[in-house]
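# An overview of the molecular structure
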Amino acid sequence: MTSNPPKAAEPGVKASEARRRHRGFLHRFQLEIRMFVVLVALSVVLSIVSSHFFSLGNVFNLMDQSVVTGIAAIGQTFVILVAGIDLSVGALTGVAGMVLGLTLTSLGMPVPVAIVVALIVGGLMGLVNGLLVTFGRIAPFIVTLGMMSIGRSLAYVISDGNSVSSLPQGLSYIGSADIFGVPANFVFVVLLFALAYYYLSFTKGGRTIYAIGSNIEAARASGLKVSYYTNLAYVVSGALAAVAAVMLASRLMSIDPIAGNGLELDSIAAVVIGGASLFGGRGSMIGTFFGVLIMGLIRNGLNLLNVGPYWQGSAIGAIIIIAVLAERIVTTRLNSRGQ
């Protein structure tokens, strides 16, 4: 007895499946695609208004300028996804930077050891934020606002109000090295984004972080470790603030108590521009990455157009308001469609 061979799928069925996969991809990455379109459009506009925009030197300069904001924005994304916010990022960068500088100069520690010490300090201060939010039941805005003030004060106290210079030349390699002409620190940031994207997209911890931000009570009822992963988000933010301090110090070969001033605003702006919801549970590392680049393009374009630094702050603030307004409109429309 012979069996009939299985029939090949009909061409129409194959085409229908391909269309469904295509629509699924577009639906899944619709936010990232919109951000990419905005990035390309902004690049085209800046290339028209300034002939220097697409020069190789300016492109590499743009990459270098995006490093510190990009690192801080990764940690800020973790915090915002759990429906929190970290206003202490810039202050923690200042504290970690001063710890790094003093351990290198006053204590004479090797560069790798000093970097580890700075990371521990940043992570511990982030943990304090997380514990006050999870166990102290204090609003993240209040906790991190208080930590911002404490961090700024500590940076001045431990440095006696002075900047630290004469850092070892080994530190400068971090900020000056390149890989096939591309700044190595920018490559490092891209790898950090890729690692964070993998964690949030393909691990249980990442799914838990999204669940906490979407509905914290439902997450608790499901037996998820809400406190653990909320604390983890703040520890990641604090540790990455310290990494940002290392990058700043390696670029300038000095560190100041006010290092990282305004970094909290830039990191929040990058995350929000990247499409994350300030109410938690929605956002992605790809969107944040595009948000960082868009922020860098805007600042770079304002500099090329000789816009004063004071007006640049107004521009960034306006962009945050517009981005949040756009996010609310999109969220309202998505909710209305779902009903």
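A brief structural summary. (Residues numbered from 1 in each chain as written. Predicted model: local features only at pLDDT ≥ 70, side-chain atom pairs only at ≥ 80, totals over all residues. Heavy atoms only, no water.)

## Considering the overall build of the protein
- Each helix and strand in the protein was counted, giving 14 helices and two strands.
- Looking at the 339 residues of the protein, the share that counts as buried comes to 46%.
- Put simply, of all contacts in the protein between residues at least 6 apart along the chain, 79% involve residues at least 24 apart. (Helix = DSSP H or I, 4+ residues; strand = E, 2+ residues; numbered from the N terminus. Buried < 20%, exposed > 50% of the residue type's maximum accessible area, 1.4 Å probe, protein only. Contact = heavy atoms within 4.5 Å.)

## A word on the nonpolar core
- Ranked by internal contacts, the top residues of the largest apolar core, which has 87 residues, are Ile71, Ile74, Phe78, Leu100 and Leu171.
- Element by element, the count of residues in this core is highest for helix 11 (residues 226-252), at 14 residues.
- Beyond its immediate chain neighbours, meaning those up to four positions away, Phe78 contacts Ala196, Tyr199, Leu200, Ile209, Ala233, Val236 and Met285. (Core = buried A, V, L, I, M, F, W, Y, C linked by side-chain atoms within 4.5 Å.)

## Overview of the packing of aromatic side chains
- Evaluated as defined, the whole model comprises eight aromatic pairs.
- When the ring of Phe36 is compared with that of Phe290, the centres are 5.9 Å apart and the planes differ by 50°; the resulting orientation is tilted. One end of the pair, Phe36, is in helix 2 (residues 30-49); the other, Phe290, is in helix 13 (residues 285-304), and 254 residues separate them in sequence.
- Within the aromatic cluster, the residues linked to one another by ring pairs are Phe36, Phe193, Phe289 and Phe290. (Phe/Tyr/Trp six-rings, centres within 6.5 Å; stacked < 30°, edge-to-face > 60°.)

## Let's talk about the packing of helix 3 (residues 56-81) against helix 11
- At a closest axis distance of 7 Å, the pairing of helix 3 and helix 11 adopts a crossing angle of 170°. Judged by the angle between their axes, helix 3 and helix 11 are roughly antiparallel. Only Ala233, Tyr234, Val236, Ser237, Leu240, Val243, Ala244, Met247, Leu248 and Arg251 of helix 11 make contact with helix 3, whose side of the interface consists of Asp64, Gln65, Val67, Val68, Ile71, Ile74, Gly75, Gln76, Phe78 and Val79.
- Among the residues making up the contact of helix 3 with helix 11, the classes are represented as 14 nonpolar, four polar and two charged. (Axes fitted to C-alpha atoms, helices over the stretch in contact; angles between N-to-C directions. Parallel < 35°, antiparallel > 145°, perpendicular 65-115°, else oblique. Nonpolar A, V, L, I, M, F, W, Y, C, P; charged D, E, K, R; others polar.)

## Description of the packing of helix 12 (residues 263-273) against helix 13
- At a minimum axis separation of 7 Å, helix 12 and helix 13 run at an interaxial angle of 120°. Put simply, helix 12 runs oblique to helix 13. In the crossing of helix 12 with helix 13, the sense of the turn from one axis to the other is right-handed. Across the interface between the two elements, Asp266, Ala269, Ala270, Val271 and Ile273 from helix 12 touch Thr288, Gly291, Val292, Ile294, Met295 and Arg299 from helix 13.
- Across the contact of helix 12 with helix 13, the residue classes break down as seven nonpolar, two polar and two charged. (Left-handed = near helix turned anticlockwise from the far one by under 90°.)

## Some remarks on helix 9 (residues 204-214)
- Among all positions of helix 9, only Gly205, Gly206, Thr208, Ile209, Ile212 and Gly213 are buried. Buried residues of helix 9 fall within an arc of 160° about the axis and therefore sit on the same side. For helix 9, the exposed residues lying more than 90 degrees away from the buried face are Lys204 and Ser214. (Arc of directions from axis to C-beta.)

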